[in-house]
Amino acid sequence: MGSWMKAEEARAFKCLLALALMYAIMAFAAYTVVHMSYVRPLPEDASPARFSEGRVLSHLRRLTVDIDGRQEGRPGLEEAAQYIKGELEAIKNRSGPEYRVEVDEALVSGSFNMIFLRHSISLAYRGHKNILLRIASNSSNDDDPSVLLNGHFDSPVGSTGAGDCGSCVASMLELARLVVDSNWIPPKPIIFLFNGAEELFLLGSHGFVKTHKWRDTVGAFINLEASGTGGLDLVCQSGPGSWPASIYVQAAKYPMANSVAQDVFGVIPGDTDFRILAEDYSNIPGLDIIFVLGGYYYHTSYDTIERLLPGSIQARGENIIRLLDAFASSAKLLDAKQRKLEDFATKNSDDRAVYFDYLSLFMIFYSRKTALLLHNLPAVIFLFMPLLLQYPNITLHSWLAAFFALIKGMLIHATSIILAIILPVVFSVLRLLLSSHAMSWFARPYLAFLTFIPSALMGLFIPRVIWRSLPVSQKAASDKLPIEVLSDETFFWGAFGLYAFMTVAYLQAGLEGGYLTYVLSSSMLISWFFFRLTKKHFGDQSFKSLAGYVIPSIPCVTYSVYFGGFFVQFVIEKMGMMGSLPPPFGFFVPDAIVAAIVGVVTGWCMGPILPLISRWLARPLILRCLLQLSVLGLAISSQFFPYSTAAPKRVVLQHTVRHADANKIVDSSFEFSVVDANSLTFLFKNSPEAAKILNIGSDFSFKADHHSTKCSWVALFPVAFLFSGSLKFPAPRDDVYEQYNYLPYLSVDESASLSTTRSRRVHLDLNLGSLKEVWVTVLNITGPLSNWSFADNKLPAPESMDSGPPSYICRLSGRSHEKWTFWLEANSSEALRVDLAVLDQHIFNDTRKLKGLFPTWVDTTTFSSFLSTYYF
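Reading the values: the criteria
- Residues numbered from 1 in each chain as written.
- Predicted model: local features only at pLDDT ≥ 70, side-chain atom pairs only at ≥ 80, totals over all residues.
- Heavy atoms only, no water.
- Helix = DSSP H or I, 4+ residues; strand = E, 2+ residues; numbered from the N terminus.
- Buried < 20%, exposed > 50% of the residue type's maximum accessible area, 1.4 Å probe, protein only.
- Contact = heavy atoms within 4.5 Å.
- Areas by Shrake-Rupley, 256 points an atom, 1.4 Å probe, with all protein chains shown as cover.
- Disulfide = S-S within 2.5 Å.
- Core = buried A, V, L, I, M, F, W, Y, C linked by side-chain atoms within 4.5 Å.
- Salt bridge = Lys/Arg side-chain N within 4 Å of Asp/Glu carboxyl O.

Glancing now at the overall build of the protein chain. Tallying secondary structure elements over the protein chain gives 25 helices and 22 strands in all. Considering only C-alpha atoms, the protein chain reaches an extent of 100 × 75 × 65 Å along its principal axes. Across the 872 residues that make up the protein chain, the buried fraction comes to 60%. Of the contacts formed within the protein chain by residues at least 6 apart in sequence, a portion of 80% connects residues at least 24 apart. Carbon and sulfur atoms provide 59% of the accessible area of the protein chain, an area that totals close to 34000 Å².

Backbone torsion omega between Pro583 and Pro584 reads 5 degrees, so that peptide bond is classified as cis. Its place among the elements puts Pro584 in the loop between helix H18 (543-574) and helix H19 (589-606). A cis amide bond links Phe717 with the next residue in sequence, Pro718, at an omega value of 0 degrees. With respect to the helices and strands, the residue Pro718 is situated in the loop between helix H23 (688-693) and strand S12 (727-730). With a phi angle near 50 degrees, Ala791 is a residue other than glycine that sits in the positive phi range. Relative to the assigned elements, Ala791 resides in the loop between strand S17 (785-788) and strand S18 (799-800). Given the relative accessible area of 5%, Ala791 is considered buried.

With that settled, the discussion passes to the state of the cysteines. The final tally for this structure, using the stated rule, is 1 disulfide. Disulfide pairing is shown between Cys165 and Cys168; the S-S distance is 1.9 Å. Between Cys165 and Cys168 the sulfur-sulfur dihedral comes to about -60 degrees; the bridge is accordingly left-handed. Placement of both Cys165 and Cys168 in helix H4 (residues 162-181) is noted, with a separation of 3 residues, approximately one turn of the helix. The two residues Cys165 and Cys168 agree in class, both being buried. Free of any disulfide, Cys605 has its nearest cysteine sulfur in Cys556, 9.2 Å distant.

Attention now goes to the nonpolar core. Counting residues in hydrophobic clusters, the biggest one holds 196 residues, and the most contacted among them are Phe192, Phe461, Phe672 and Phe684. A per-element tally of this core places H18 first, with 14 residues. Those residues in contact with Phe192 that sit more than four places away from it in its chain are Ile131, Leu132, Leu133, Ile135, Leu149, Met172, Leu175, Ala176 and Val179. Among the nonpolar cores identified, the runner-up in size contains 47 residues, and Ile121, Phe208, Phe221 and Phe274 belong to it.

Now for the pattern of salt bridges. Applying the stated criterion to the full structure yields 26 salt bridges. Across the pair Arg100 and Glu102 runs a salt bridge whose closest N-O atoms are separated by 3.8 Å. Accessibility expressed as a relative area gives 21% for Glu102, which makes it partly exposed. The salt bridge partner of Glu174 is Arg177, with a shortest N-O separation of 2.9 Å. Of this pair, Glu174 and Arg177 both sit in helix H4, 3 residues apart, roughly one helical turn. You'll find Glu174 and Arg177 in the same group, each marked buried. Counted as one network, the salt bridges with shared partners bring together Arg55, Arg94, Glu174, Arg177 and Asp181.

Another point: the environment of Leu374. Mapped onto the elements of the fold, Leu374 is located in helix H11 (residues 368-374). For Leu374, a relative accessible area of 23% gives the class partly exposed. With 262 residues separating them in the primary sequence, Leu374 and Phe112 have C-alpha atoms 43 Å apart. The contacts of Leu374, once residues within four sequence positions are left out, are Tyr366 and Tyr518.

Quick look at the structure:
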């Protein structure tokens, strides 16, 4: 190697290879943990005293294979409810005299307003079914504080729902069995809530907290959810207060939690029952525990039992049974009345803690008061360092010189991190300028690492290369020290100061994610201590001195690789459903986001060792090598197709039927939309059979009348706001007339309607016709609406569809065979306009045929939508 490069450059490449090997080992360890590969699932014939993933899968096959669809409006939802109830009755009959076991079936109805996906909406529901089980000792009282375990058995439109949330319900059945068959008598009652209407915007849990007889006894809850098919069963939300998180820290066998998840939870589209139970309509302390990997299949037809990651359910079950015991045994378990008195006495019900797991081996937990001390300490140390570095020859001039040298080091490190983010984004844009498709890394996440890590490393090293030959402190001239030695000190304390002040910024913002940078700065102090010891024996230029710094940082860097790698994987999977933005800029957004996040994670993983390692690696030859690797990564990634059956593209196909009354069809069309950056043009170019049947020309150009508006998708409000570039094509009407006797319609109840000088109230009847599998009905009301009969006579904030006038949206669900009756009140004589949209999951033969023409890498959520307009 020395024959064609300098000795220093040869040493740099050896250092680079050693680091690559170290990070590869860390990445392998992190991958094993994140995918739960080390957890051995127990078979179906395991001991009755143990939780068994095999038994869970047996329940899950019944719920997802034998039962066809658990969506609201389909027969499978009631079949699932009866199966669950039957299993619970069997558990009750098997329980001994020392238990008091109750099974309850509750039909819930109600109405309320909420903000969902940052849009205002009113919800009205009726007849949704919850199944409940209460297990207590035979000496328990009805009003004893209890622990609630919640999971939903309904599924979204078009999804089998094995992960979301059949896995939750099946796990709950196994946990209920385990409580009885293991002869464990819980210290306090355990309530299992099998929730029948979560996908319709959290209706089942709302019905429970508003109407059920056990609602005021609940002193803690665990909400089981899934945004994927396994992996980390992450605690994404905890509270109110720090008690639920402290219970998790004490009890979890396979801890998977970090407080930063709660900081960023609201960024991801969606919500869980945690919101209803702990925030909006109750203040029950609880945990929101979610399967977060396998997001490719979330809310798709690929969410099947075969996609579940082995070991994930086993780890979840063993965690939950311990949590139930810990909550039930805690002296802090209080019912609603006791909790209210406690909150009044302490006035401190929301003391959020800082917590995180280390590779699922153990948890670190400390209160916010402790965080105020610990997270400010690095910044205090940094501010004192100019004095310590000049001791004992401290003068104002020397202190200022040292202080500004450290500030310069901080700015250089900050510039490195910023460039590590910017350069991958630039490379992502360059690739897209020469490519016909975005998200080439989507089905193969390793391509994102291959493509963007080298350019991120370039960004980290460039500032050090530029300033390598420049003195960064007056101390260089006065002490005649080599620039490399002084740079180590300045770069180190500069990087340390940057992380210290970032930690303080997190703290002041009221966020708990500051532990990420606090751990970096703390680890750097330990590494710096060992480096100062080893360099006395081996000198500054020795690899042994460098090892003396790097080796103590391995625990910290390993955590960074673990958390950072998981975060990148999670974001990549979610890019397939985050929504499509209008062209031309929307085409670049997912690639830019992933590139930026890879840059952030690379800077985070390299940050603690960058001040010293850059002495070896910040060289022009290394930069050229990284540049070549970046170009190679771009070239390789461009050759791959973005999707596969293991990472499908999501497409929404709506057969829209516009009608004037119960029998007259005005228009029929197929409407398409996508929820990622690759547009419908990309879809049809790669689906020639579907394009042919839709009469799409070879130039794939679309006229103005092909473009679909938001109003056409109002049945999916507010999810439709994730769509852009939707298209529509003519569809036949014959099937509609053949399969339906009459369509949904609104009519005025003349006997109840009345008018006064100040307002007029119109009483309406809504009949859903002969539709077969109604999932939801949406009312979009514009005009002088001043009140209505929904949501305790409270209007939500107005919305706007397609830049139209202010409108009020209400979603109705449940018992579609019965008519809805309600009233609207107007404060003027101007007509009220009501746009009615009914989503029916039954699809026509032509729609089914069209759906079958798309390739297997496309997951098509298909339904029929019936639209009509009325004036009153």
